[in-house]
Amino acid sequence: MSRGALVDVAFWLFGGGSVVAAWLVFRTDSMVRAAYWLLASFAGVGVVMVLLNARFLGLVLVLMMAGEMTIMAVFMVMFMMNPAGLNPMTMVHQHRQAKIAGVVAFAGLALVGVVAEFPDRPADPDGEPTAELGRELLGDSMLLFETAGVTLLATMIGSIAIASKRGRYGDAEDGSAPPPLALS
Amino acid sequence: MNWSSPLPALLLVGAVLGLGAYAVAVLDGAAALVTARQRLPLGDIVIGPLRQAALAARTRRSTTERPDLQAWALAPALLAGMAAGAVATVPFGPDTAVADVDDGIVAFGAVMAVVMVGVYLHGWSANSPLPLVGGYRFIALALSYEMPLALVLIAAALPAESLSVGAIVESQYDLWNVVRQPLGLPLYLVAGTGLAFWGPLNGADGADLAGGTSAEVSGPARLMWALSRRFVLVAVAVMGAAVFLGGWQGPWLPAPLWMALKTLALLAVLVAAGHRLARVRLERFVVVAWVVFIPLALVDVFVSGALAL
Amino acid sequence: MRLPALLVISAALFGLGVYGALSQQTFVMIMMGLELMLNGAMLAAVTFWAMTAGGAPKGQLLTVIVMTVMAVEAALGFALVIGIYRIRKADMTEKLKRLRG
């Protein structure tokens, strides 16, 4: 099989697989599986990015998302009653409106994507996107890079401050009240 | 390696992982006997691992109540696949790498992250408390060693001005990185021990959890998990030999033989550490990793960056 | 691997993310919907970079910034989930009805 055909097969496999995995995230009963179906969707997108010659971005996406989805799975198990999905339950609200909104969003964007005329300037397949990204980050877009760094630092400090058990005004558990009994 | 025949690539990666896992088992048996101050019967040490593997393959398989069967089967496959991916980015000779991509170090980082997924799934799937505890302990361990591991590899990539493992190997033609960046290899070995959850950092499969994530695993699945763990250890040693010990470079002997010798040296250090050092309490390791190792790794990056500029 | 096919796939991911963010009751599943939306956006950004922008590095930069946004949103979202659980013992949106008129 020629290289172009192989790339096409891989693209349909991983791109279509990414969409199927994303759909399965909301279909499955087991919460841990939902988190890892999301990881599979991200991995599919990462592979498509590698096929588009943005290899660094694809690999960094998989790296980030593996850790993030494991944390999501841990949070699911922490907070939900039925994390393994051993008893089936659906926990959705405004289901019809959500489906309509999803379909409208998909249709609108897909219509634009298919119908609109985009300029045809393909990237150089033999280029070095990682080196160019590095030069851009530390050259013209240095301010953006520094802002992103400071934002991440603020996030780290903020999330530790929010989630910390001991605060200036006492323990985190003080003053908590359970929700009212009736669930409408 | 070209597109039309993936067979040489499979053979190379399979040979490295298979022989490496066998070497780990042999070294493990030898280290156990040396630590116990007993004599080393050569025939037993060499045949022993094969006998144990055959026995494990024949043991009856047991299962738990309502396990997550697909995830349970996926976990060792994830570890083995990730180890194979990591070994594929390392060159075993001047032109002999399965996939010496421009971002080999980043690929190794992605491998590291997916190993965490595999071990957590292995602990979760059994639907049993002790494996679950092992999986959670591994997440705490993984989040702690990931940063020093990534930083130390980046520091090694700085003199090479490239993220590809082949370029890093070639940048060590005058001086190995273990000499040029003295903080690099010790931090890498500590983080690598955590990555393969071996010996002192065996939070996931420790004896204090009655085997941890592999407490409910038996039969061929147990053999597969043990093999996958050893594959990850071999991948750690291969990457360490390439990035810190100069890879395939060396006088007189052919390049793959140098690579094999350096990998075996690192494997011997890791296996000996497994037998000589007691298992570290995870709370203590997490504190040390975040408070000591990350600043040391940052110092490593700054110093090697200053030297490279 | 042409441009329309890639854009349809990113639109599908975005649509599924919108469905998830609007329909799920638990906070973590809502966050999964948000992550899917950002996933679709990132794939579209890389597609445009590879096919219409001639490989200009600013396209990759947008993707890196969106990854930063994902990390920030996930970290603060989880911290807020913990905070809400501590104060109100609520893990679903339905349980937060103190302010309901």
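Since the model is a prediction, treat every value here as computed from it, not as a measurement. (Residues numbered from 1 in each chain as written. Chains lettered and ligands numbered in written order. Predicted model: local features only at pLDDT ≥ 70, side-chain atom pairs only at ≥ 80, totals over all residues.)

1. Concerning the overall build of chain A
Part 1 of the reasoning: A count of helices and strands for chain A gives six helices and two strands.
Part 2 of the reasoning: In sequence order, the secondary structure elements of chain A are arranged as α-α-α-α-α-α-β-β.
Part 3 of the reasoning: Its C-alpha atoms give chain A a radius of gyration of 22 Å, clearly above 16 Å, the size a compact globule of 184 residues would have.
Part 4 of the reasoning: Across its three principal directions, the C-alpha atoms of chain A cover 60 × 40 × 30 Å. (Helix = DSSP H or I, 4+ residues; strand = E, 2+ residues; numbered from the N terminus. Rg over C-alpha atoms; globule rule 2.2 N^0.38 Å.)

2. Looking at the interface of chain B and chain A
Part 1 of the reasoning: Of the residues lining the interface, 19 residues belong to chain B; the matching set on chain A comes to 18 residues.
Part 2 of the reasoning: For the side of chain B that touches chain A, the leading source of residues is helix α4 (residues 104-125) of chain B, giving ten residues.
Part 3 of the reasoning: In terms of residue class, the side of chain B that touches chain A is made up of 13 nonpolar, two polar and four charged. (Contact = placed C-beta atoms within 7 Å. Nonpolar A, V, L, I, M, F, W, Y, C, P; charged D, E, K, R; others polar.)

3. Side note on the interface of chain C and chain A
Part 1 of the reasoning: Listed per partner, the contact involves 65 residues of chain C and 81 residues of chain A.
Part 2 of the reasoning: Elements with a minimum of two residues in the side of chain C that touches chain A: α1 (3-23), α2 (27-51) and α3 (57-88) of chain C.
Part 3 of the reasoning: In terms of residue class, the side of chain C that touches chain A is built from 41 nonpolar, 15 polar and nine charged.

4. Section: the nonpolar core
Part 1 of the reasoning: Core analysis: the biggest nonpolar cluster contains 185 residues, and A35(A), L39(A), A83(B) and V234(B) have the highest contact counts within it.
Part 2 of the reasoning: Take this core: its biggest share by element is 18 residues, from helix α9 (residues 220-244) of chain B.
Part 3 of the reasoning: In this structure A35(A) touches M69(A), M72(A), A73(A) and M76(A), once residues within four positions along its chain are discounted. (Core = buried A, V, L, I, M, F, W, Y, C linked by C-beta atoms within 7 Å. Buried ≥ 20, exposed ≤ 12 C-beta atoms within 10 Å, placed from the backbone.)

5. Details of the domain arrangement of chain A
Part 1 of the reasoning: The assigned domain composition of chain A is domain 1 (1-82) and domain 2 (130-161).
Part 2 of the reasoning: Summarising the inter-unit geometry, the C-alpha centres of domain 1 of chain A and domain 2 of chain A are found 25 Å apart. (Domains from an automatic or database assignment.)

6. So, the packing of helix α1 (residues 3-25) of chain A against helix α2 (residues 31-51) of chain A
Residue and element names in this part refer to chain A.
Part 1 of the reasoning: Across the interface, α1 lies against α2 with an axial gap of 8 Å and an inter-helix angle of 155 degrees. Viewed along their axes, α1 and α2 adopt a mutual orientation that is roughly antiparallel. Along this stretch, α1 crosses α2, giving a crossing that reads as left-handed. Contacts between α1 and α2 involve V7, A10, F11, F14, G15, G17, S18, A21, A22, L24 and V25 on the former and, on the latter, A34, W37, L38, A40, S41, G44, V45, V47, V48 and L51.
Part 2 of the reasoning: Here the contact of α1 with α2 is composed, by residue class, of 16 nonpolar, five polar and no charged. (Axes fitted to C-alpha atoms, helices over the stretch in contact; angles between N-to-C directions. Parallel < 35°, antiparallel > 145°, perpendicular 65-115°, else oblique. Left-handed = near helix turned anticlockwise from the far one by under 90°.)

7. Structural notes on the confidence of the model for chain C
Residues and elements named next belong to chain C.
Part 1 of the reasoning: Within chain C, residue pLDDT values average 89, and 98% of them lie at 70 or more.
Part 2 of the reasoning: Considering each helix and strand of chain C separately, the mean pLDDT is smallest for α3, with a value of 90, and largest for α1, with 94.
Part 3 of the reasoning: For this predicted complex, the interface confidence comes out at an ipTM of 0.90, alongside a pTM of 0.91. (pLDDT = per-residue confidence, 0-100.)

8. Thoughts on unusual backbone geometry
Part 1 of the reasoning: The backbone of Q94(A) shows a phi angle near 40 degrees, a positive value even though the residue is not glycine.
Part 2 of the reasoning: Relative to the helices and strands, Q94(A) resides in the loop between α3 (55-79) and α4 (95-115).
Part 3 of the reasoning: Judged by the 12 C-beta atoms lying within 10 Å of it, Q94(A) is exposed.
Part 4 of the reasoning: You will see that R37(B), though not glycine, has its phi angle at about 60 degrees, which is positive.
Part 5 of the reasoning: Tracing the chain through its elements places R37(B) in the loop between α1 (7-35) and α2 (42-58).
Part 6 of the reasoning: For R37(B), a count of 6 C-beta atoms within 10 Å translates into the label exposed.

9. Describing the environment of G123(B)
Part 1 of the reasoning: Inspection of the secondary structure assignment puts G123(B) in helix α4.
Part 2 of the reasoning: Here the alpha-carbon distance between G123(B) and Y136(B), two residues 13 residues apart in the chain, equals 8.0 Å.

10. Focus on the arrangement of the chains
Part 1 of the reasoning: Of all two pairs of chains sharing an interface, the pair with the highest contact count is chains A and C.
Part 2 of the reasoning: Spatially, chain B and chain C are disjoint, and the shortest separation between their C-alpha atoms is 14 Å.

11. Quick look at helix α11 (residues 282-308) of chain B
Residues and elements named next belong to chain B.
Part 1 of the reasoning: At A289, α11 shows its maximal kink, close to 40 degrees.
Part 2 of the reasoning: Among all positions in α11, only F285, A289, F293, A297, D300, V301 and S304 are buried.
Part 3 of the reasoning: Residues of α11 that are buried in the fold lie against α5 (129-157) and α8 (184-195). (Bend = angle between axes of the 7 residues up to and from the residue.)

12. Details of the packing of α2(A) against α3(A)
A packed helix pair is summarised by two numbers, namely the angle formed by the two axes and the spacing between the axes.
All names here are of chain A.
Part 1 of the reasoning: As a packed pair, α2 and α3 sit with axes 9 Å apart at the nearest point and diverge in direction by 175 degrees. Between α2 and α3, the angle falls in the class roughly antiparallel.
Part 2 of the reasoning: Here the contact of α2 with α3 is composed, by residue class, of 23 nonpolar, two polar and one charged.

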